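Spelled out, the chains give:
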Amino acid sequence: MTEVSSQLSPGAAKLPRHLAVIMDGNGRWAQARGQMRIKGHQAGANAVRTIIKAARTRGIPILTLYAFSSENWKRPATEVSALMQLLGMALAEHVDELHSYDIKIRIVGDVSALSPTLQRTIAQVEAKTCHNRSMTLNIAINYGARLELTQALKQVAAQVVAGRLKLEDLDATTISQALYVPQDVDLLIRTGGEFRLSNFLLWQCAYAEIYVSEVLWPDFDEAELTRALEFYAGRERRFGMTSAQLAK
């Protein structure tokens, strides 16, 4: 693999406002080394810290990480339990560090299904960092885009029924504001070589540039992040227009 600078090249100065990452490959990384899958998740936690700090240093305003999907409950109970413990420990152990970087932490997803202990940790972390402004870090736990959209539509429908919103005023902005994550994604990275959205930010990724990395998540580092950002900087984002229109 060729060397890549940790900084973007002069011709790649354009950064995504909202970067989202499907962190895939922890289990395969561990199995390739003859280890239990949880060892891959532990190694993946180190990659999380690296990428958060790198995104913050580069000035990316919003980072959303897919940590645990609403479908991941189907995995073996021992793996799910260990992963939940790891998530809680990581949040508790690193909140002070992230707070010192002025990072606002939000947990997005249906947290009501999580253990009371993890829910308390989440509440403490969010409260501690709620006024930070340098970057917003969304961590998706028990998240599914279809569930998110269903709940958003129920919320909007309730406003219509209550007379607080006129049906004719309902638009895409109204729906976006009712989502866990209201901001559109500019760049979506998926590691591990898979070409699936996996029920992640379906609404928000309507016009996202998609970068698929063959690198398994525990090995995803600043160099690979830089490759993804350079890919993004080289894209022409037309949003339905032509290149000629953008040039005007």
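Criteria and thresholds
Residues numbered from 1 in each chain as written. Predicted model: local features only at pLDDT ≥ 70, side-chain atom pairs only at ≥ 80, totals over all residues. Heavy atoms only, no water. Helix = DSSP H or I, 4+ residues; strand = E, 2+ residues; numbered from the N terminus. Expected span 1.5 Å × (residues − 1). Bend = angle between axes of the 7 residues up to and from the residue. Buried < 20%, exposed > 50% of the residue type's maximum accessible area, 1.4 Å probe, protein only. Contact = heavy atoms within 4.5 Å. Pairing = 2+ DSSP bridges. Axes fitted to C-alpha atoms, helices over the stretch in contact; angles between N-to-C directions.

Engineer: Any chance you could explain helix α3 (residues 77–100) here in plain terms?
Structural biologist: Residues three or four positions apart in an α-helix share a direction because the helix packs 3.6 residues into each turn. Here α3 contains 24 residues, and its C-alpha end-to-end distance of 35 Å stays within 8% of the 34 Å for a straight helix at 1.5 Å per residue. Maximum bend of α3: about 50°, positioned at histidine 94. Burial in α3 covers these residues: Glu79, Val80, Leu83, Met84, Leu86, Leu87, Gly88, Leu91, Val95, Glu97 and Leu98. Against the buried residues of α3 lie α2 (37–58), β2 (62–69), β3 (103–108), α4 (116–129) and β4 (135–143).

Engineer: Is there a simple way to explain unusual backbone geometry in this structure?
Structural biologist: Backbone geometry follows two general trends: most residues other than glycine have a negative phi, and most peptide bonds adopt the trans configuration. The phi torsion at asparagine 142 lies on the positive side, around 50°, for a residue other than glycine. With respect to the helices and strands, the residue asparagine 142 is situated in strand β4. What makes asparagine 142 buried here is its relative accessible area of 5%. Positive phi, normally seen in glycine, also occurs at leucine 201, with a value near 50°. With respect to the element layout, leucine 201 can be found in the loop between β5 (187–190) and β6 (209–212).

Engineer: I'm lost on the sheet that holds β2 in this one. Help?
Structural biologist: Whether parallel or antiparallel, the strands of a sheet pair through hydrogen bonds between backbone atoms. Here we have six strands laid out as an open sheet, ordered β3-β4-β2-β1-β5-β6, and parallel in their pairing. With partners counted over all chains shown, the strands left at the sheet margins are β3 and β6, one partner each. Sheet twist, expressed as the mean angle between neighbouring strand axes with direction ignored, is 20°. In this structure, β3 lies alongside β4, joined through six bridges in parallel fashion. Along β4, the bridge assignment pairs lysine 104 with threonine 136. Along the sheet, α2 contacts β2, β3 and β4; its crossing angle with β2, the most-contacted strand, is approximately 160°. Contacting β1 (18–22), β5 and β6, helix α7 (residues 222–233) runs over the sheet at an angle of about 145° to β6.

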